[in-house]
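# Structural characterization, general
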Amino acid sequence: MTTPPKARATAPGGPVVLDEISKQIIEQLQTDGRKPYAAIGKAVGLSEAAVRQRVQRLLDLGVMQIVAVTDPLTLGFPRQAMIGIKCEGDLESVADELSSIGEIDYVVLTAGSVDIMVEVVCEGDSHLLEILGKIRAIPSVRATETFVYLKLHKQTYSWGTR
């Protein structure tokens, strides 16, 4: 009996190639991150142990994470915002410094009118102002533009594996 191919990196640090079963496992977990491995196995045609091994491999390769996604409003964080940042110099070092700020949960280098976008979740406007002060204190930061969320219309994590 041959073992079907598993998720594998094409090169160290390179893209990961997934077989159809690994993609199906990911899609099952995106629907319900707490779904039992036995139920996933039944859906994809593998044993519970085989699913467990594949999930662990996908986690080890950094293909996915299994996390609890919280609702910031329910937890007392009514202010969310995306902040566009214009910088001078090395963007990677600015991104590293931004990543060290606890309230920033998303950092992405961009093309366009800003160099970096960050997302923040705050306790209120004064907290947002405090975070903006930390960002503006970074020497390479030249300007910021804040986009306050008025209403979250859609947020999903189900883009699948395509």
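These notes cover the structure that comes with them. (Residues numbered from 1 in each chain as written. Predicted model: local features only at pLDDT ≥ 70, side-chain atom pairs only at ≥ 80, totals over all residues. Heavy atoms only, no water.)

### Re the nonpolar core
Grouped together as the largest cluster of nonpolar side chains are 19 residues, with contacts concentrated most on Ile83, Ile85, Leu98, Ile116, Val118, Val120 and Ile135. Only strand 3 (79-87), helix 4 (91-99), strand 5 (116-122) and helix 5 (125-136) provide two or more residues apiece to this core. By size, the runner-up hydrophobic cluster in this structure holds 11 residues, among which are Ile40, Leu46, Val51 and Met64. (Core = buried A, V, L, I, M, F, W, Y, C linked by side-chain atoms within 4.5 Å. Buried < 20%, exposed > 50% of the residue type's maximum accessible area, 1.4 Å probe, protein only. Helix = DSSP H or I, 4+ residues; strand = E, 2+ residues; numbered from the N terminus.)

### Some words on the sheet that holds strand 5
Strand order across the open sheet formed by 4 strands is 4-5-3-6, with antiparallel pairing between neighbours. Either end of the sheet is taken by a strand with one partner, and the two such strands are strand 4 (104-109) and strand 6 (141-148). Averaged over all adjacent pairs, the angle separating strand axes in this sheet is 20°, with direction ignored. Alignment of strand 3 against strand 6, held across 7 bridges, turns out to be antiparallel. Pairing of Ile85 across the sheet is with Thr144, part of strand 6. (Pairing = 2+ DSSP bridges. Axes fitted to C-alpha atoms, helices over the stretch in contact; angles between N-to-C directions.)

### Points about the environment of Ala95
Within the secondary structure, Ala95 is located in helix 4. Overall, Ala95 belongs to the buried group, its relative accessible area being 6%. As a C-alpha pair, Ala95 and Val107 span 12 residues in sequence and 6.7 Å in three-dimensional space. When near neighbours in sequence (up to four residues on either side) are disregarded, Ala95 contacts Val107, Leu109 and Ile116. (Contact = heavy atoms within 4.5 Å.)

### Some thoughts on the pairing of strand 5
As a general feature of sheets, a regular strand has side chains that alternate between the two faces. Judged by how many residues are buried, strand 5 sits mostly within the fold: 7 of 7 residues are covered. Because side chains alternate across strand 5, one face comprises the buried residues Ile116, Val118, Val120 and Cys122, and the other comprises Met117, Glu119 and Val121, equally buried. Relative to strand 5, strand 3 is paired through 7 bridges, and the arrangement is antiparallel. Following the sheet pairing, Gln80 is matched in strand 5 by Val121.

### A closer look at the layout of surface pockets
Counted as a void, the second largest pocket has a volume near 290 Å³. Along the walls of the second largest pocket sit 15 residues, with Thr70, Pro72, Gln80, Asp105 and Val121 positioned nearest its centre. Of the residues that constitute the lining of the second largest pocket, the class distribution is 8 nonpolar, 4 polar and 3 charged. (1 Å grid on protein atoms, 1.4 Å probe; cavity = no way out; pocket = protein on both sides within 12 Å on 5 of 7 lines; lining within 4 Å. Points joined across faces, edges and corners; volume = space filled by probe spheres on them. Nonpolar A, V, L, I, M, F, W, Y, C, P; charged D, E, K, R; others polar.)

### Thoughts on the packing of helix 2 (residues 37-44) against helix 3 (residues 48-60)
Contact geometry for helix 2 and helix 3: axes closest at 8 Å, N-to-C directions at 100°. Viewed along their axes, helix 2 and helix 3 adopt a mutual orientation that is roughly perpendicular. Contact residues: Tyr37, Ala38, Ile40, Gly41 and Val44 in helix 2; Glu48, Val51, Arg52 and Val55 in helix 3. In the contact of helix 2 with helix 3, the residues fall into 6 nonpolar, 1 polar and 2 charged. (Parallel < 35°, antiparallel > 145°, perpendicular 65-115°, else oblique.)

Everything listed here is a matter of coordinates, which is why it stays silent on function.
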